[in-house]
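Results of the structural survey
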Amino acid sequence: MNVPFSYLQRQFSELDGYLADLRELVSSGSLTLGHAVSEFERGFAALHGVPHAIGVGSGTDALVVALHALGLQPGDEVITCTNTFVATVGAIVHAGGKPVLVDSENGYVIDVDQVEAAVTSRTRAILAVHYTGNVADMPRLRAIADRRGLALVEDACQATLGGINGRSVGSWGDATAFSLHPLKNLNVWGDGGLILTPSADLAARIRLYCNHGLIDRDTCAEFGINSRLDAVQAVIGSRLMRDLPAMSARQIANAARYDAAFGELGDCVDVPVRRPGVRHVYHLYIVRAKRRDALLAHLERSGVRAKIHYPRPVHLQPAARGLGYREGQFPMAEEHGRVAITLPAHPYLTDDEVSYTIEQVRQFYRS
Ligand SMILES: *Cc1c(COP(=O)(O)O)cnc(C)c1O
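Residues numbered from 1 in each chain as written. Predicted model: local features only at pLDDT ≥ 70, side-chain atom pairs only at ≥ 80, totals over all residues. Heavy atoms only, no water.

1. Overview of the layout of surface pockets
Gaps left between atoms show up when a probe the size of a water molecule is rolled over them. Roughly 520 Å³ of internal volume is contained in the largest pocket. Lining the largest pocket are 33 residues, with Gln 158, His 181, Leu 183, Lys 184 and His 283 sitting closest to its centre. Elements represented by at least two residues in the lining of the largest pocket include exactly helix H4 (59-69), helix H5 (86-94) and strand E17 (340-343). Top contributing element to the lining of the largest pocket by residue count: H4, with three residues. Of the residues contributing to the lining of the largest pocket, the split by class is 14 nonpolar, 15 polar and four charged. The residue makeup of the lining of the largest pocket includes at least three contributed by each of domain 1 (8-241) and domain 2 (244-366). Here the second largest pocket is characterised by a volume of approximately 310 Å³. If you go around the second largest pocket, you meet 20 residues; those closest to its centre are Gln 11, Leu 240, Asp 243, Met 247 and Tyr 348. Breaking the lining of the second largest pocket down by element, the ones donating at least two residues are helix H1 (8-11), helix H2 (16-28) and helix H9 (231-262). The greatest single-element share of the lining of the second largest pocket, amounting to eight residues, is contributed by H9. (1 Å grid on protein atoms, 1.4 Å probe; cavity = no way out; pocket = protein on both sides within 12 Å on 5 of 7 lines; lining within 4 Å. Points joined across faces, edges and corners; volume = space filled by probe spheres on them. Helix = DSSP H or I, 4+ residues; strand = E, 2+ residues; numbered from the N terminus. Nonpolar A, V, L, I, M, F, W, Y, C, P; charged D, E, K, R; others polar. Domains from an automatic or database assignment.)

Here you go:
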């Protein structure tokens, strides 16, 4: 059996519906902004119960633009977690800020006690990453941000439809970034991203900045950038979004099957933990495994395509040399890099493929 990590081939095995929607778009002639984009934005905002959504060029752009629109000034400190995809930290640098890294709790989401301790007079924002689809402790982070007068941004690039205490990601922060990259929970046919915000004023500023600062065709209010969600991608996103709640439920169910099965393997496998009240959407189903590299090789031989996210946390990347961190400083994230393994859990897996994956992991620890 071959259990694929990526689902794209399965998702697009039936193309006719997409092509019909695209034909309609092309004949309408609105390929930038326009109806297709605003309809997608409205649907995405409604799905998360947040008033405003703005389509942008990528998840990375969403982060850079959100920080910029919130008024980040050169040298302002932004606190975030070292255990994330590099784009989180790259975005802070490109928005002109100084990343201040802290460790994660249990290897997954940002450790809020360390956030408190890292606040200085130069701190301007907290950037909470909902890493793996787990959700950071937003009630506590919101309270800290309010008490200290800081902006709160969510990196929900891995957490579409995640939530905590019945409130969706995107409803806690001043602005929240989402990615539509082909490997994320809601994807398009290339790059794309979205920003959610509860603020009409911030939404208007973001729209202006991402469309060259043009208030009308001939008037530039400020020098901005070009980062828009292509209408072609909005059409694909709208179509996939119809199935998203069901797909997300299926992914959570796959994770629950893994949790139950691996829970029986004692201390060989630690299943992902989440705080009470969290709707974890398992963009990545990551376990911490004994003899991780041997398990990875065993799965590879058995046709189960597992991956490592990520072997090296951001503070140990060559790009981070100038930030002044050293090995040993963030033990949770560093240990995570050594023991974590990501198993395929996407909603296009069959029940048999999930069973097969479970059986392969069991077999490895039995031998
Ligand atoms: C994917 C991802 C990004 C960047 O999104 P792109 O659309 O690829 O630019 C940022 N942060 C996290 C946590 C991500 O997983």
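From this point, things continue past the structure.
2. A word on the sheet that holds strand E2 (residues 77-81)
An order of E1-E11-E10-E7-E6-E2-E3 is seen for the seven strands of this open sheet, with the pairing classed as mixed. Of all the strands in the sheet, the pair left with one neighbour each is strand E1 (52-56) and strand E3 (98-102). When strand polarity is set aside, the average angle formed by the axes of neighbouring strands in this sheet is 25°. Relative to strand E11 (residues 193-197), E1 runs antiparallel, the two being bridged by five bridges. Within E11, the residue paired with Ile 54 across the bridge is Ile 195. The sheet strands contacting helix H3 (residues 34-48) are E1, strand E10 (175-179) and E11, and the helix crosses E11 at an angle near 55°. Across the sheet, H4 is in contact with E1, strand E6 (123-129), strand E7 (151-155), E10 and E11; its angle to E10 comes to roughly 165°. (Pairing = 2+ DSSP bridges. Axes fitted to C-alpha atoms, helices over the stretch in contact; angles between N-to-C directions. Contact = heavy atoms within 4.5 Å.)

3. Overview of empty space enclosed by the protein
This model, assessed by the stated rule, comprises one cavity of 30 Å³ or more. In this structure, the largest cavity spans a volume of roughly 30 Å³. Lining the largest cavity, in full, are Leu 67, Leu 70, Leu 72, Arg 124, Ala 125 and Ala 151. By residue class, the composition of the lining of the largest cavity is five nonpolar, no polar and one charged.

4. As for a nonpolar patch on the surface
On the surface, a nonpolar cluster with roughly 230 Å² of combined accessible area is contributed by Leu 15, Leu 19 and Trp 189. By the element assignment, Leu 15 lies in the loop between H1 and H2. (Patch = residues over 30% accessible without salt bridge, like charges linked within 9 Å, V, L, I, M, F, W, Y side chains within 5 Å. Areas by Shrake-Rupley, 256 points an atom, 1.4 Å probe, with all protein chains shown as cover. Salt bridge = Lys/Arg side-chain N within 4 Å of Asp/Glu carboxyl O.)

5. Here's the deal with the environment of Val 129
Considering the arrangement of structural elements, one finds Val 129 in strand E6. When its relative accessible area of 5% is taken as the criterion, Val 129 is described as buried. Sequence separation between Val 129 and Glu 154 is 25 residues; the distance between their C-alpha atoms is 6.0 Å. Apart from the residues within four sequence positions on either side, Val 129 is in contact with Thr 80, Thr 84, Thr 88, Val 109, Ala 136 and Asp 155. (Buried < 20%, exposed > 50% of the residue type's maximum accessible area, 1.4 Å probe, protein only.)

6. A word on the packing of H3 against H9
Running from amino to carboxyl end, H3 crosses H9 at an angle of 30°, the nearest separation of the two axes being 8 Å. The angle between the axes of H3 and H9 places the two elements in the roughly parallel class. For the element pair H3 and H9, the recorded crossing hand is left-handed. Contacts between H3 and H9 involve Ala 36, Val 37, Phe 40, Gly 43, Phe 44 and Leu 47 from the first element and Ala 231, Ala 234, Val 235, Gly 237, Ser 238, Met 241, Leu 244 and Pro 245 from the second. The class makeup of the residues in the contact of H3 with H9 is 11 nonpolar, three polar and no charged. (Parallel < 35°, antiparallel > 145°, perpendicular 65-115°, else oblique. Left-handed = near helix turned anticlockwise from the far one by under 90°.)

7. Here's the deal with the site of the ligand
Near the ligand you find 14 residues, and of these Gly 59, Thr 60, Asp 155, Ser 179 and Lys 184 are the closest. The separation between an oxygen atom of the ligand and a polar side-chain atom of Thr 60 is 2.5 Å. Those elements that provide at least two residues to the shell around the ligand are H4 and H5. Within the shell around the ligand, the residues separate by chemical class into four nonpolar, eight polar and two charged. (Near = heavy atom within 4 Å. Polar contact = N/O pair within 3.5 Å; in protein donor to acceptor, adjacent residues only side chain to side chain.)

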